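Single-letter residue listing:
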Amino acid sequence: YLVMYLIIRALKYFVFLILNFGLLFFSRDIDIEQFQKDLFIFFKDYEFNSNLVFFMVSNFVVFTTFIVKQILKPFVEIFIEHFYKYGFYFLINILSISATFIVLRVYGYSRFYLLLYLITSSLIFEFFDRAERKF
(Lines give C-alpha, C1' and ligand atoms only; values in the text may rest on other atoms or scores of the structure.)
Protein backbone atom coordinates (compact mmCIF):
# COMPACT_ATOMS: atom_id res chain seq x y z
CA TYR A 1 0.00 0.00 0.00
CA LEU A 2 2.82 2.41 0.78
CA VAL A 3 4.35 2.08 -2.68
CA MET A 4 1.02 2.75 -4.36
CA TYR A 5 0.44 5.75 -2.10
CA LEU A 6 3.85 7.19 -3.01
CA ILE A 7 3.19 6.60 -6.71
CA ILE A 8 -0.10 8.48 -6.43
CA ARG A 9 1.61 11.36 -4.61
CA ALA A 10 4.37 11.57 -7.24
CA LEU A 11 1.83 11.42 -10.06
CA LYS A 12 -0.15 14.21 -8.38
CA TYR A 13 2.99 16.36 -8.21
CA PHE A 14 3.83 15.79 -11.89
CA VAL A 15 0.28 16.47 -13.07
CA PHE A 16 0.20 19.79 -11.21
CA LEU A 17 3.69 20.62 -12.51
CA ILE A 18 2.68 19.92 -16.12
CA LEU A 19 -0.54 21.92 -15.78
CA ASN A 20 1.28 24.94 -14.40
CA PHE A 21 4.07 24.69 -16.94
CA GLY A 22 1.42 24.58 -19.66
CA LEU A 23 -0.20 27.72 -18.27
CA LEU A 24 3.10 29.58 -18.51
CA PHE A 25 4.24 28.04 -21.78
CA PHE A 26 1.04 28.73 -23.71
CA SER A 27 0.54 32.28 -22.43
CA ARG A 28 1.58 34.56 -25.28
CA ASP A 29 2.36 37.70 -23.29
CA ILE A 30 4.15 36.04 -20.38
CA ASP A 31 6.78 38.26 -18.77
CA ILE A 32 9.39 36.51 -16.65
CA GLU A 33 12.12 39.08 -17.17
CA GLN A 34 11.95 40.38 -13.59
CA PHE A 35 12.35 36.89 -12.15
CA GLN A 36 15.28 36.25 -14.51
CA LYS A 37 16.92 39.44 -13.24
CA ASP A 38 16.43 38.23 -9.67
CA LEU A 39 18.04 34.91 -10.57
CA PHE A 40 20.95 36.77 -12.16
CA ILE A 41 21.75 38.28 -8.74
CA PHE A 42 22.53 34.82 -7.38
CA PHE A 43 23.76 33.15 -10.59
CA LYS A 44 25.75 35.82 -12.43
CA ASP A 45 27.49 33.49 -14.85
CA TYR A 46 24.48 31.48 -15.87
CA GLU A 47 21.78 32.57 -18.30
CA PHE A 48 18.44 30.86 -17.75
CA ASN A 49 16.30 30.07 -20.77
CA SER A 50 12.57 30.62 -20.50
CA ASN A 51 11.63 26.92 -20.24
CA LEU A 52 13.91 26.45 -17.22
CA VAL A 53 12.40 29.54 -15.59
CA PHE A 54 8.90 28.20 -16.33
CA PHE A 55 9.90 24.93 -14.69
CA MET A 56 11.23 26.74 -11.61
CA VAL A 57 8.11 28.91 -11.28
CA SER A 58 5.89 25.85 -11.76
CA ASN A 59 7.72 24.05 -8.96
CA PHE A 60 7.21 27.02 -6.65
CA VAL A 61 3.50 27.04 -7.47
CA VAL A 62 3.13 23.30 -6.83
CA PHE A 63 5.01 23.43 -3.54
CA THR A 64 3.04 26.49 -2.42
CA THR A 65 -0.23 24.78 -3.37
CA PHE A 66 0.59 21.66 -1.37
CA ILE A 67 1.76 23.68 1.64
CA VAL A 68 -1.35 25.88 1.62
CA LYS A 69 -3.52 22.77 1.35
CA GLN A 70 -1.82 21.23 4.39
CA ILE A 71 -2.15 24.45 6.38
CA LEU A 72 -5.84 24.84 5.55
CA LYS A 73 -6.66 21.14 5.91
CA PRO A 74 -8.21 21.55 9.41
CA PHE A 75 -10.67 24.07 7.96
CA VAL A 76 -11.84 21.86 5.10
CA GLU A 77 -14.71 20.33 7.10
CA ILE A 78 -15.96 23.76 8.16
CA PHE A 79 -15.66 25.05 4.60
CA ILE A 80 -17.42 22.02 3.13
CA GLU A 81 -20.35 22.42 5.51
CA HIS A 82 -21.00 25.91 4.18
CA PHE A 83 -19.78 25.67 0.61
CA TYR A 84 -18.40 22.73 -1.34
CA LYS A 85 -15.15 20.86 -1.76
CA TYR A 86 -14.37 22.07 -5.29
CA GLY A 87 -14.66 25.64 -4.07
CA PHE A 88 -12.15 24.86 -1.35
CA TYR A 89 -9.69 23.44 -3.87
CA PHE A 90 -10.32 26.39 -6.19
CA LEU A 91 -9.55 28.74 -3.30
CA ILE A 92 -6.32 26.90 -2.48
CA ASN A 93 -5.20 26.98 -6.11
CA ILE A 94 -5.99 30.63 -6.71
CA LEU A 95 -4.38 31.66 -3.44
CA SER A 96 -1.17 29.76 -4.09
CA ILE A 97 -0.79 30.62 -7.77
CA SER A 98 -1.50 34.31 -7.26
CA ALA A 99 0.83 34.57 -4.29
CA THR A 100 3.61 32.78 -6.15
CA PHE A 101 3.21 34.84 -9.31
CA ILE A 102 3.24 38.06 -7.29
CA VAL A 103 6.30 37.11 -5.26
CA LEU A 104 8.24 35.88 -8.30
CA ARG A 105 6.99 38.82 -10.40
CA VAL A 106 5.51 36.78 -13.23
CA TYR A 107 3.16 38.86 -15.37
CA GLY A 108 1.26 38.58 -18.61
CA TYR A 109 -0.17 35.08 -18.18
CA SER A 110 -3.31 34.25 -20.10
CA ARG A 111 -6.49 34.66 -18.08
CA PHE A 112 -8.14 31.91 -20.10
CA TYR A 113 -5.35 29.43 -19.37
CA LEU A 114 -5.33 30.53 -15.73
CA LEU A 115 -9.06 29.81 -15.42
CA LEU A 116 -8.57 26.50 -17.22
CA TYR A 117 -5.72 25.67 -14.81
CA LEU A 118 -7.80 26.56 -11.75
CA ILE A 119 -10.78 24.47 -12.83
CA THR A 120 -8.68 21.50 -13.94
CA SER A 121 -6.42 21.52 -10.89
CA SER A 122 -9.44 21.72 -8.56
CA LEU A 123 -10.97 18.65 -10.19
CA ILE A 124 -7.62 16.86 -10.09
CA PHE A 125 -7.27 17.63 -6.37
CA GLU A 126 -10.55 15.84 -5.75
CA PHE A 127 -9.55 12.90 -7.94
CA PHE A 128 -6.20 12.42 -6.20
CA ASP A 129 -7.70 12.90 -2.73
CA ARG A 130 -10.11 10.05 -3.43
CA ALA A 131 -7.25 7.89 -4.73
CA GLU A 132 -5.07 8.68 -1.69
CA ARG A 133 -7.87 7.78 0.72
CA LYS A 134 -8.00 4.28 -0.76
CA PHE A 135 -4.41 3.65 0.26
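Now for a description of the structure that goes with this document.

Analysis parameters
- Residues numbered from 1 in each chain as written.
- Predicted model: local features only at pLDDT ≥ 70, side-chain atom pairs only at ≥ 80, totals over all residues.
- Heavy atoms only, no water.
- Helix = DSSP H or I, 4+ residues; strand = E, 2+ residues; numbered from the N terminus.
- Buried < 20%, exposed > 50% of the residue type's maximum accessible area, 1.4 Å probe, protein only.
- Contact = heavy atoms within 4.5 Å.
- Areas by Shrake-Rupley, 256 points an atom, 1.4 Å probe, with all protein chains shown as cover.
- Lys, Arg positive; Asp, Glu negative; His and termini not counted.
- Charge placed at Lys NZ, Arg CZ, Asp CG, Glu CD.
- Axes fitted to C-alpha atoms, helices over the stretch in contact; angles between N-to-C directions.
- Parallel < 35°, antiparallel > 145°, perpendicular 65-115°, else oblique.
- Left-handed = near helix turned anticlockwise from the far one by under 90°.
- Nonpolar A, V, L, I, M, F, W, Y, C, P; charged D, E, K, R; others polar.

### Remarks on the overall build of the chain
Then comes step 1: What the chain contains, in helices and strands, is 6 helices and 0 strands.
Then comes step 2: Reading the secondary structure of the chain in the N-to-C direction produces α-α-α-α-α-α.
Then comes step 3: For the chain, the residues scored as buried account for 36% of the 135 residues in total.
Then comes step 4: A fraction of 80% describes how many contacts in the chain between residues 6 or more apart in sequence connect residues 24 or more apart.
Then comes step 5: When the accessible surface of the chain is split by element, carbon and sulfur atoms take 69% of a total near 8800 Å².
Then comes step 6: The positive charge centre, built from 13 side chains, and the negative charge centre, built from 11, are 7 Å apart in the chain.

### Here's the deal with the environment of V15
Then comes step 1: The topology assignment puts V15 in helix α1 (residues 2–26).
Then comes step 2: On the accessibility criterion, V15 (22% relative accessible area) is partly exposed.
Then comes step 3: Setting aside its immediate chain neighbours within four residues, V15 contacts I124 and F128.

### Quick look at the packing of helix α3 (residues 50–72) against helix α6 (residues 111–134)
Then comes step 1: Interaxial distance between α3 and α6 falls to 14 Å at its minimum, and their mutual angle equals 55°. In terms of orientation, α3 and α6 fall into the oblique class. Handedness of the crossing formed by α3 with α6: right-handed. Judged by residue contacts, V61, T65, F66 and K69 of α3 engage Y117, F125 and D129 from α6.
Then comes step 2: Class assignment of the residues belonging to the contact of α3 with α6 gives a composition of 4 nonpolar, 1 polar and 2 charged.

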